[in-house]
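# A look at the structure
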Amino acid sequence: MTSPHRPRLRSSLGIFWGLFLLVASPGISWAQLTDRTLAPNNAQAGIAKSLGQETGVGRGDPDTLDSSLFIIERDPFRSIRRGRQLFQRKFRRVEGQGPGVGDGAGDLNTDGAIGAGLADSCAACHSRPRGSAGLGGNVATRPDSRDAPHLFGLGLKEMLADEITAELRNTRQRAIDRAVQTGRAVTVPLRGKGVHYGAITAMPSGEVDTSKVEGIDSDLRVKPFFAEGSVISIREFIVGALHKEMGLECNDEDLAQAHAGQTVVTPSGMVLDGAQDEINGPPPPDVISGQYEIDPAIVDHLEFYLLNYFKPGLGRRDAVTEHGRRVFNNLGCISCHVANLQINHDRRVADVTTLYDPAQGIFNKLFATANTLISVIDDGKGLPPLKQPLGGKFPVENIFTDFKRHDLGPHFYERNYDGTLQKMFLTRALWGAGSKSIFGHDGRSISLDDVILRHGGEAQASRDAYALLPDGEQGALENFLRSLVLFPPDDTASNLDPGDRNSPDFPQFGHGSIKLTVLFNDPTDPE
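Values in this document were obtained by computation on a predicted structure and should not be read as measured data.

Analysis parameters
Residues numbered from 1 in each chain as written. Predicted model: local features only at pLDDT ≥ 70, side-chain atom pairs only at ≥ 80, totals over all residues. Heavy atoms only, no water. Helix = DSSP H or I, 4+ residues; strand = E, 2+ residues; numbered from the N terminus. Expected span 1.5 Å × (residues − 1). Buried < 20%, exposed > 50% of the residue type's maximum accessible area, 1.4 Å probe, protein only. Contact = heavy atoms within 4.5 Å. Phe/Tyr/Trp six-rings, centres within 6.5 Å; stacked < 30°, edge-to-face > 60°. Lys NZ or Arg CZ within 6 Å of the ring centre and 35° of its normal. Pairing = 2+ DSSP bridges. Axes fitted to C-alpha atoms, helices over the stretch in contact; angles between N-to-C directions.

### A closer look at helix H6 (residues 234-246)
Along an α-helix, a turn takes 3.6 residues, which lines up residues three or four apart on a common side. In this model H6 runs 17 Å from its N-terminal to its C-terminal C-alpha over 13 residues, within 8% of the 18 Å that 1.5 Å per residue would give. Most of H6 is tucked away, with 10 of its 13 residues classed as buried. The complete set of buried residues in H6 reads Ile234, Arg235, Glu236, Phe237, Ile238, Val239, Leu242, His243, Glu245 and Met246. In this structure, the buried residues of H6 make contact with strand E1 (126-128), helix H5 (154-182), helix H7 (253-259) and helix H8 (296-307). Directly beyond the C-terminal end of H6, a positive phi value near 70 degrees is found at Gly247.

Shown next, in the form of structure tokens:
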């Protein structure tokens, strides 16, 4: 059993380093991993556990050994790592992979998922840099296709969007209360975390005029996922992607209940309120077998993994990049690409900060510092203690988004399969932009300069001001954006695994990594 007192990681590095020596050396992790129980190899590459072992006894509860809820509540860093292995897992046909929606046939006018293609792994679309939940996929959900975004910081996005929604809806309720009490219409601005979302007018009858709402739907729900801003939660995103992109169906009880109008709290702490929001339900069973292939426990681990997934890093910064940031601000880009936002209740159990550090970053000049964010509680049941999120405030820095939809003019419009045009798109968070080679939500721009000059509509003035800048000023701005980087977790040295340049066969071995294995209840039992 672990110690009941371990609130922060920094203070216990000696212990973690000793554990690391025991568990981190065997095997190397790769994107799209095979199952080592089915495909053994001398390099010990791949996932250590079978799909059945990863599923365990199902969801269970916090007192049921080997259930997803037991692991999330009592061994949360194992759940994160298990979710990562499931994300990288190459699912097989015998496990239910395929066919895709309609098997590639059907009416695309009414079901764009038919164009999604078929993958055998989440990493088929999200895998760059190597081994990360990153970039790389090209999913044809519209005729002009799109560039699958990276998933770094996904949990931070979910929490920010949810808290902004709560702020806006609280504002609405206060306006209604005032209108009812005074017998007069009450108009109030809508602001969430300092971002302006237009205004509403509440009537004495309790009705609300939402015609002046900007960038979100009239229900005031901020939807942070997909290019057009159409999905609320990580859990919906996972279950939908398993179905549409991989042909794997899960009868997820949380989504089923929320879709039916109930209020559900997922194992990752996300509140799905079906009475207020339209929640996507689970898909129908597999068209061939007539069964569901994925246990909800698998979704539990994937959701917890993505809730806690690393935020992007910061590459080399100097006087040029700092000047470029000032240029960015002066052009007015910051009006939509808001740099910093604060979470009031952080549901994660760990945070990782990754910065340029050529001394400690022995492979890629980046070094990551991990901190646990847990309260350890012995509940007297003779089981490993509960490890619950501290739930404190957390400043999300260098995200560069406002979580609003905008019209950026015809150069960003996209055709839908039914012949209409998609004109409104969510502000793409700029963190990680420096690791991309193509740009725009559709992946149709080949450089930073190209995608900036595509801007029009609401961003026309900023675009025109950029176009008039001298080459040096434009270059400084682009250098700043290139300092917002992604990183390969298995190749980035950290305080969990600082690596050793003197290791035999460096850098194939000893390059350092960000692996949470040392934080497991039993670090000798790898995932």
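### Details of the packing of aromatic side chains
One pass over the full model with this rule turns up 11 aromatic pairs. Ring pairs connect the aromatic residues Phe87, Phe152, Tyr305, Tyr309, Phe310 and Phe487, which therefore count as one cluster. We note Arg348 situated over the ring of Phe394; from NZ or CZ to the ring centre the distance is 4.3 Å. Cation over ring: Arg454 sits above Phe412, and NZ or CZ is 4.3 Å from the ring centre.

### Looking at the pairing of strand E11 (residues 366-372)
Most of E11 is tucked away, with seven of its seven residues classed as buried. Burial along E11 is two-sided: the residues Leu366, Ala368, Ala370 and Thr372 and Phe367, Thr369 and Asn371 are all buried. Here strand E10 (residues 350-356) runs beside E11; their pairing, made up of seven bridges, is antiparallel. In the strand pairing of E11, Ala350 is matched with Thr372. Judged from the two bridges that link them, E11 and strand E20 (residues 493-494) form a sheet pairing that is parallel. Across the sheet, Phe367 pairs through a bridge with Ala493, a residue of E20.

### Description of the sheet that holds strand E4 (residues 195-202)
Spatially, three strands are ordered E3-E4-E5 in an open sheet, and the strand pairing comes out antiparallel. Strand pairing shows two members of the sheet lacking a second neighbour, strand E3 (186-192) and strand E5 (208-209), which therefore form its edges. Two strands pair when backbone bridges link them, and E3 and E4 are joined in this way by six bridges, in the antiparallel orientation. Bridge pairing links Val188 to Ile200 in E4. Across the sheet, H5 touches E3, E4 and E5, and the angle it forms with E3 is around 165 degrees.

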